[in-house]
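Notes for the structure review
Listed below, chain by chain, are the residues.
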Amino acid sequence: MRLYGAVALGGFRRYTTYRVATAAGVFTNTVFGVIVAYTYIALWEQRPHLGGYDQSQALTFVWVSQALLMTVSLFGGGFADELVERIRTGDIAIDLYRPADLQMWWLAADLGRALFHFLGRGVIPLAFGALVFDLALPGEAVTWLAFVLAVLFAVVVSFALRFLVALTAFWLLDGAGVTSLVSIAGLFFSGMLLPLNAFPGLLGEVARALPWSALLQIPADVLMGRHRGVGLLGAYGFQLGWAAALLGAGRLLQNAAVRRVVVQGG
């Protein structure tokens, strides 16, 4: 475990070197958050309590989404691009010879990346939103701790999705097409465009059952206190269930990829 802790720390330190990019990202998230916030204000004035949210809760969802956009790598990127490139060039063979598990190695690195983005690009936009708009933020420390735990689980689910997508490069050589499709699906089904609670009928039920709802919808609802007690355990169980299923699928695909490399190498 010390090895993976060192990898996570290395992932965190790696992103601290991109100071200008981080500042630009904070500015972009904040500006985009203001635009979406005023769009939501106009929408909720016409449709009060849309999706079971009042206007304050809807605005909270906007700023939580902006805070977690890079944390959960909603648009892809991060380790996935690097892993696809290593598969394409054949450098992945070196990784497979390391005395470390491939999936755990990249998960540790991604956790370090996520922590940096949560602190570097998440806190400031959320604080700005709280100063400028009337947000439904909790006053209890335990709710904030519950939110942080939900964010951690969201990062693991996000990693598991992106790891699966990256491994398809063993067969497709270029994962750009699959990555684009998954990114579009994630944008829609995570709630980034509109809270999933506002989706009507069967579409809403399906959207809330998909793994992307674990990335934004659940952490936002946890922060607003919409999941408490048994409901909170159920929300965590949903995230952990998808994390286990996707990590297990990633493990199977990784083993198939290793066998492919061995056969080709032989």
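Scroll up to find the structure.
Below you will find a few notes about this structure. The model shown is predicted, which means the values in this text are computed figures rather than measured ones. (Residues numbered from 1 in each chain as written. Predicted model: local features only at pLDDT ≥ 70, side-chain atom pairs only at ≥ 80, totals over all residues. Heavy atoms only, no water.)

**Side note on the environment of Ala80**
- Turning to its location among the elements, Ala80 is positioned in helix 4 (residues 79-89).
- In this structure Ala80 comes out as buried when scored by relative accessible area, which is 10%.
- Sequence separation between Ala80 and Leu167 is 87 residues; the distance between their C-alpha atoms is 8.8 Å.
- Apart from the residues within four sequence positions on either side, Ala80 is in contact with Arg162 and Ala166. (Helix = DSSP H or I, 4+ residues; strand = E, 2+ residues; numbered from the N terminus. Buried < 20%, exposed > 50% of the residue type's maximum accessible area, 1.4 Å probe, protein only. Contact = heavy atoms within 4.5 Å.)

**Thoughts on the side chain of Thr30**
- Tracing the chain through its elements places Thr30 in helix 2 (residues 19-46).
- Here Thr30 falls in the buried class, since its relative accessible area comes to 13%.
- What Thr30 contacts, discounting residues up to four positions off in sequence, is Trp63, Pro125 and Phe128.

**Structural notes on the side chain of Ser190**
- Within the element layout of this structure, Ser190 appears in the loop between helix 9 (176-189) and helix 10 (201-209).
- Among the polar contacts listed, one links the side chain of Ser190 to the backbone nitrogen of Met192, at a separation of 3.3 Å.
- For Ser190, the contacting residues outside a window of four places in its chain are Leu74, Ala185, Leu196, Trp212, Leu216 and Gln217. (Polar contact = N/O pair within 3.5 Å; in protein donor to acceptor, adjacent residues only side chain to side chain.)

Nothing here speaks to function; it is geometry throughout.
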